[in-house]
Amino acid sequence: QVQLVESGGGLVQPGGSLRLSCAASGTRRMINFMGWYRQAPGKQREMVATITNTNGGRITYADSLKGRFTISRDNAGNTVYLQMNSLKPEDTAVYYCTVVVQGLGNYWGQGTQVTVSS
């Protein structure tokens, strides 16, 4: 059973930073793809950033977040991070980690709340 454990969310003031982590466990299969999505109240879930563990680690960001958010992963390819800087109130959302495990499919974390407020 693949499990994703997210951490690092919380309350931060505008202009502050947070670093989210997501650790995958429960499989020895290769994780091909890792990413972060978010869902604000009353809105659809949207892609924040993704990174592949193949093709040299291709990274994709939502256009509106480029320059403020940085996705990365550990060398083992089992943990993905999201560094969020210059946070704005509109970044408030539940942030979800997702992975695609070779031969098993797509998995989602339980979500971690990020609140940007003074």
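The shown structure was predicted, so the numbers you read here are calculated from the model rather than taken from an experiment.

How each quantity is defined
- Residues numbered from 1 in each chain as written.
- Predicted model: local features only at pLDDT ≥ 70, side-chain atom pairs only at ≥ 80, totals over all residues.
- Heavy atoms only, no water.
- Helix = DSSP H or I, 4+ residues; strand = E, 2+ residues; numbered from the N terminus.
- Rg over C-alpha atoms; globule rule 2.2 N^0.38 Å.
- Buried < 20%, exposed > 50% of the residue type's maximum accessible area, 1.4 Å probe, protein only.
- Contact = heavy atoms within 4.5 Å.
- Areas by Shrake-Rupley, 256 points an atom, 1.4 Å probe, with all protein chains shown as cover.
- Lys, Arg positive; Asp, Glu negative; His and termini not counted.
- Charge placed at Lys NZ, Arg CZ, Asp CG, Glu CD.
- Core = buried A, V, L, I, M, F, W, Y, C linked by side-chain atoms within 4.5 Å.

Caption draft 1: Structural view of the overall build of the protein chain. From N to C terminus, the protein chain includes zero helices and 11 strands. Start at the N end of the protein chain and walk to the C end: the helices and strands fall as β-β-β-β-β-β-β-β-β-β-β. In summary, the protein chain has a C-alpha radius of gyration of 14 Å against a globular reference of 13 Å for 118 residues, a match within 12%. The principal-axis extents of the C-alpha atoms in the protein chain amount to approximately 45 × 25 × 25 Å. Looking at the protein chain residue by residue over its 118 residues, the buried ones come to 42%. Long-range contacts, defined here as pairs at least 24 residues apart, represent 52% of the contacts in the protein chain between residues at least 6 apart. As displayed, the protein chain has an accessible area near 6300 Å², and 45% of this comes from carbon and sulfur atoms. Here the protein chain carries 11 positive and 6 negative side-chain charges, and the mean point of each set is 6 Å from the other.

Caption draft 2: Highlighting the nonpolar core. Counting 30 residues, the largest nonpolar core has Trp36, Leu82, Met84 and Tyr95 as its most contacted members. Contributing elements (two or more residues each) for this core: strand E3 (18-25), strand E4 (31-39), strand E5 (46-52), strand E7 (69-73), strand E8 (79-84), strand E9 (93-101) and strand E11 (112-116). Take this core: its biggest share by element is five residues, from E9. Not counting the four nearest positions on each side in its chain, Leu82 is found in contact with Leu18, Arg19, Leu20, Trp36, Val48, Ala49, Phe69, Thr70, Ile71 and Tyr95.

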